[in-house]
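Residue-level structure breakdown
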Amino acid sequence: MNYQSPAELAALGKARQASGSGASSGAGSAAVSGVRYEHRRAGALWDDLSRALLLCLLIIAFLSFRSYGISTDEEVQHIYGKKLLSFYLSGFTDRSAFHFKDLYLYGGLFDLVTALLVHVSPFEEYETRHLLCALVGVLGIAGSWRYARLLGGPRAGFLAAALLALSGVYYGAMFNNTKDVPFAAGMVWTLYFGTRIINQLPSPSRSAVLKFGLVLGLTLAIRVGAVLAGFYLVAALSLYVVLVAWRDGLAPALSDTRRIVLALLPALPVAYALMALFWPWAVLNPLNPLEALRVVSHFPIDIQTLFMGEMVRSSDPPALYLPVYLAVKLPEAVLLGAAAAVVMAGVWLARGGWKARYGFPLVRWVPLVLGAFLPIILFMLLRPSVYNGIRHFLFVAPPLTVMAGLAIDRLWMRTEGFGRRPGQVFGAAATVVAVLYAWQLGCMHPNQYVYYNQFAGGMKGAEGNFELDYWGNSQHEALEELIELVERENDGNPPPRQYTLTVCGNTLAVRFELPPWLKLVNGIEPDWRKADFFMAFTQVKRCPSLLNGRPIIEIAADDVPLTIVKDRRPPPAEIPSE
């Protein structure tokens, strides 16, 4: 089941036509060889661009990871990682990790690795988490590149990687969403290696099988939902066996089934061992992973979440919650590209394209289609607990961008069929769109994850209708500006007295960054209403009006306020002299 890309087949067909019916076989071979050489050279250029993109992302990550705040979930996740480390260091006697809140229901891969790294990292604990998360996020973009390249060639791979990198909902989350981003990265790599196995049927290589087991185990060690990756592969293999039975009969199908099962068996112990290493609770009881799957699919939490201007219960979300959030959070190019892919696939099927070669080319597309759409369908049917937009379903973003990259590449290819100039115009238009996306994300730094597309009316249209800065990420930037403002009042020096700060929102984003002269007083302390400064994020509507004061700082994204800071100190004339 090895296929040539559509671009190569088209180029070879043109070369054969150019050789002419009366041309010698040597001239025709030379033309075909020339086209192949040009195709390989163009592919190498796109691969170089993809590597350059990944390198730029790594550089940006190293330069900017300190700009992002601590998310509301990070503290408990960090504690969970420390408890898992204590489990191993204590000789398996300290089992507090298995009773710590609800974290034991999740794998501890990222948290355990971070707990190990903080002892050797030159950065603070949460800075180390953010840098590691950013690197894993870039790894997910690399997975989208490799996956789209496997299915559609080097240019499709570059387009998919660029689209994911330009998706604010993914890029902005890369720095402090330390569970959903690693899970999304792991899932796209399972799709990639699963498709490599499919391309090698009925005798997949040991290398592809072991690598699939490796990434599946690591992804299970983040969230049990990685079982979907196994289902995607099994569905594709089942279709393959059915097609073999249709073409060759039952006996060959059974023979291929036996070969496939034996070839895939080594992946199971690899995946299980890695899951057990980073999620030891899962193997204390054979049914624990099923229990985790049952609980997290209908998580026992009931909070209010904003959807289309109304507050809805997280335990009973509308069926359209996820589809609508995806439609307004992903870039327009991703949505239109994915829609174009669906249309082109539908036209191909309607024209009977699936009948060619007994439908075997369909098999390699099964994981991509299921990876992009099955979670959405399951959500609409089962309606599990959900909040914070698409955060829990961020793993569908990479396959959707892969699908969009493939469709855009195909449209580009068809445009090139009309001549060199139309192809250049298409490429120029794509570049302009990419620059606009990059500029917008740059202007939103470091709050890119709150991005909304123009289908929602941008940030202005999303304000009051959808969730914005639910992590309270902008409060980190607000604190930095507050510190700078106060020290500027004192000629660049710390003030001579200690000030107090009350925060309505994510106190974690400021707690670890306070200078000695600024004390955090929360709602428990009796004097919190007398604080000198008041910081509030707009995610909770009552926060900004909780305390009065003179607004001095506003952190916004596209002119939509995310966090405000009020100065509650008495005017200078009212300050008693000492």
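Below you will find a few notes about this structure. Predicted model, so just to flag it, every value in this text is computed and none were measured. (Residues numbered from 1 in each chain as written. Predicted model: local features only at pLDDT ≥ 70, side-chain atom pairs only at ≥ 80, totals over all residues. Heavy atoms only, no water.)

Re the side chain of glutamate 74
Our working definition: In DSSP terms, a helix is any run of H or I states spanning at least four residues, a strand is any run of E spanning at least two, and both are numbered starting from the N terminus. Relative accessible area decides the class of each residue, using a 1.4 Å probe on protein chains only: under 20% of the type maximum gives buried, over 50% gives exposed, and in between gives partly exposed. Should any heavy atoms of two residues lie within 4.5 Å, those residues are considered in contact.
Tracing the sequence through the fold places glutamate 74 in helix α3 (residues 74-89). In this structure glutamate 74 comes out as buried when scored by relative accessible area, which is 0%. Apart from the residues within four sequence positions on either side, glutamate 74 is in contact with Gly69, Tyr126, Arg129, His130, Asn176 and Thr178.

Observations regarding the packing of aromatic side chains
Note the following rule: In this scheme Phe, Tyr and Trp rings, the latter by its six-membered ring, pair at centre separations within 6.5 Å, and the angle between planes marks the pair as stacked below 30 degrees, edge-to-face above 60, and tilted otherwise.
All told, the structure shown has 31 aromatic pairs when counted by the stated rule. Summarising the aromatic geometry, the rings of tyrosine 68 and phenylalanine 175 are spaced 4.1 Å apart at their centres and angled 0° between planes, so their arrangement reads as stacked. With a gap of 107 residues between them, tyrosine 68 in the loop between α2 (25-64) and α3 and phenylalanine 175 in the loop between α7 (168-171) and α8 (180-199) connect regions that are remote in the sequence. With respect to burial, tyrosine 68 and phenylalanine 175 carry one shared label: buried. On the numbers, 5.6 Å between centres and 80° between planes, the contact of phenylalanine 379 with phenylalanine 393 is edge-to-face. With phenylalanine 379 in helix α17 (residues 366-382) and phenylalanine 393 in the loop between α17 and α18 (397-416), this residue pair connects regions lying 14 residues apart in the sequence.

Examining the nonpolar core
One broad rule of soluble globular proteins: the nonpolar side chains tend to lie buried together. Going by this rule: Note on terminology: a nonpolar core comprises buried Ala, Val, Leu, Ile, Met, Phe, Trp, Tyr and Cys residues joined through side-chain atoms within 4.5 Å.
Grouped together as the largest cluster of nonpolar side chains are 151 residues, with contacts concentrated most on Ile141, Tyr170, Tyr452 and Phe466. Each residue touching tyrosine 170, except ones within four places of it in the same chain, is listed here: Val136, Gly137, Gly140, Ile141, Leu164, Val181, Ala184, Ala185 and Leu394. The next biggest cluster of nonpolar side chains, apart from the first, holds 18 residues, and it includes Leu482, Trp517, Phe533 and Met535.

A look at the state of the cysteines
Cut-off, in case you're wondering: When two cysteine sulfur atoms lie within 2.5 Å, the pair is treated as a disulfide.
In total, this model carries one disulfide according to the counting rule given. Note on cysteine connectivity: cysteine 504 is disulfide-linked to cysteine 543, with sulfurs 1.9 Å apart. Disulfide cysteine 504 to cysteine 543: torsion about the S-S bond roughly -65°, handedness left-handed. With cysteine 504 in strand β3 (residues 499-504) and cysteine 543 in the loop between β5 (533-537) and β6 (550-557), the pair connects residues that are 39 residues apart, well separated along the chain. Comparing cysteine 504 with cysteine 543 shows no difference in burial state: the two are buried. Cysteine 443 supplies the cysteine sulfur nearest to cysteine 56, a cysteine that is in no disulfide, at a spacing of 18 Å. The partly exposed category is assigned to cysteine 56, whose relative accessible area is 44%.

A word on the sheet that holds strand β7 (residues 560-567)
What links the strands of a sheet is backbone hydrogen bonding, and the strands pair in either a parallel or an antiparallel sense. Stated precisely, the cut-off is as follows: Two strands pair if DSSP finds at least two bridges between them. Between N-to-C directions, angles cover 0 to 180 degrees, with each direction set by a line fitted to C-alpha atoms, over the stretch in contact for helices.
Read from one edge to the other, the open sheet built from five strands follows the order β4-β3-β5-β7-β6, with strand pairing classed as mixed. The open sheet terminates on both sides in strands that have one partner only, identified here as β4 (518-520) and β6. This sheet shows a mean twist of 25° between the axes of neighbouring strands, independent of strand direction. Here β3 runs beside β4; their pairing, made up of three bridges, is parallel. Across the sheet, the residue bridging to threonine 500 is lysine 519, located in β4. Against the sheet, helix α21 (residues 474-489) contacts β3, β4, β5, β6 and β7, and its axis sits at roughly 140° relative to β6.

Focus on a negative patch on the surface
For clarity, the threshold we go by: A patch consists of residues whose relative accessible area exceeds 30% and which take part in no salt bridge; residues with like charges are grouped when within 9 Å of each other, and nonpolar side chains (Val, Leu, Ile, Met, Phe, Trp, Tyr) when within 5 Å. Shrake-Rupley sampling with a 1.4 Å probe provides the accessible areas, and residues are treated as covered by the protein chains on show and by no other component. Salt bridges are defined by distance alone: a side-chain nitrogen of Lys or Arg within 4 Å of a carboxyl oxygen of Asp or Glu. We treat Lys and Arg as the positive residues and Asp and Glu as the negative residues; His and chain ends play no part in the count. Where a charge lies is defined by one atom per residue type, namely NZ (Lys), CZ (Arg), CG (Asp) and CD (Glu).
On the surface, a cluster of negative charge is made up of Glu124, Glu480, Glu481 and Glu513. Positionally, glutamate 480 belongs in helix α21.

What about the environment of leucine 191?
Summarising the element assignment, leucine 191 is placed in helix α8. For leucine 191 and serine 167, which are 24 residues apart along the polypeptide, the C-alpha to C-alpha distance reads 20 Å. Excluding its chain neighbours within four sequence positions, the residues that come into contact with leucine 191 are Tyr147, Tyr232, Pro367 and Pro399.

Quick word on unusual backbone geometry
At the junction of leucine 201 and proline 202, the peptide bond is cis and its omega measures out at 5° in the coordinates. Along the chain, proline 202 falls in the loop between α8 and α9 (206-220). Despite not being glycine, phenylalanine 92 shows a phi value in the positive range, around 70°. Relative to the elements of secondary structure, phenylalanine 92 occurs in the loop between α3 and α4 (109-117). Relative accessible area serves as the criterion here: at 47%, phenylalanine 92 is assigned to the partly exposed category. Phi is positive for asparagine 388, which is not a glycine, with a value near 60°. Turning to its location among the elements, asparagine 388 is positioned in the loop between α17 and α18. Overall, the relative accessible area of 12% leaves asparagine 388 in the buried class.

Structural notes on α21
This is how the line gets drawn: Multiplying 1.5 Å by the residue count of a helix minus one yields the expected span of that helix.
The end-to-end C-alpha separation of α21 is 23 Å, in line with the 22 Å expected for 16 residues at 1.5 Å each. Directly after α21, the chain includes aspartate 491, whose backbone phi takes a positive value near 60°.

Quick word on a nonpolar patch on the surface
Taken together, the side chains of Trp246, Trp348, Leu349, Trp354 and Tyr358 present a nonpolar region at the surface, about 520 Å² in accessible area. By the secondary structure assignment, tryptophan 348 is in helix α16 (residues 332-350).

Some points on the packing of helix α15 (residues 321-329) against α17
Quick note on the threshold: Any angle between 65 and 115 degrees counts as roughly perpendicular, while under 35 counts as roughly parallel, over 145 as roughly antiparallel, and the rest as oblique. Classification used: nonpolar for Ala, Val, Leu, Ile, Met, Phe, Trp, Tyr, Cys and Pro, charged for Asp, Glu, Lys and Arg, polar for all others including Gly.
Interaxial distance between α15 and α17 falls to 8 Å at its minimum, and their mutual angle equals 140°. Between α15 and α17, the crossing angle belongs to the class labelled oblique. Here Tyr321, Leu322, Pro323 and Leu326 of α15 come into contact with α17, specifically with Pro375, Ile376, Phe379 and Met380. Here the residues of the contact of α15 with α17 are counted per class, giving eight nonpolar, no polar and no charged.

Quick notes on the pairing of strand β1 (residues 304-307)
In terms of strand pairing, β1 meets strand β2 (residues 310-313) through four bridges, oriented antiparallel. Each residue of the ladder has a partner; that of phenylalanine 307, found in β2, is glutamate 310. The loop that links β1 with its antiparallel partner β2 comprises two residues; one of these, methionine 308, has a positive phi angle of about 50°.

With respect to the pattern of salt bridges
Under the criterion given, the structure shown has 22 salt bridges. For arginine 51, the salt bridge goes to aspartate 48, with nearest N and O atoms at 3.4 Å. In this pair, arginine 51 and aspartate 48 both sit in helix α2, three residues apart, roughly one turn of the helix. For arginine 51, a relative accessible area of 46% gives the class partly exposed.

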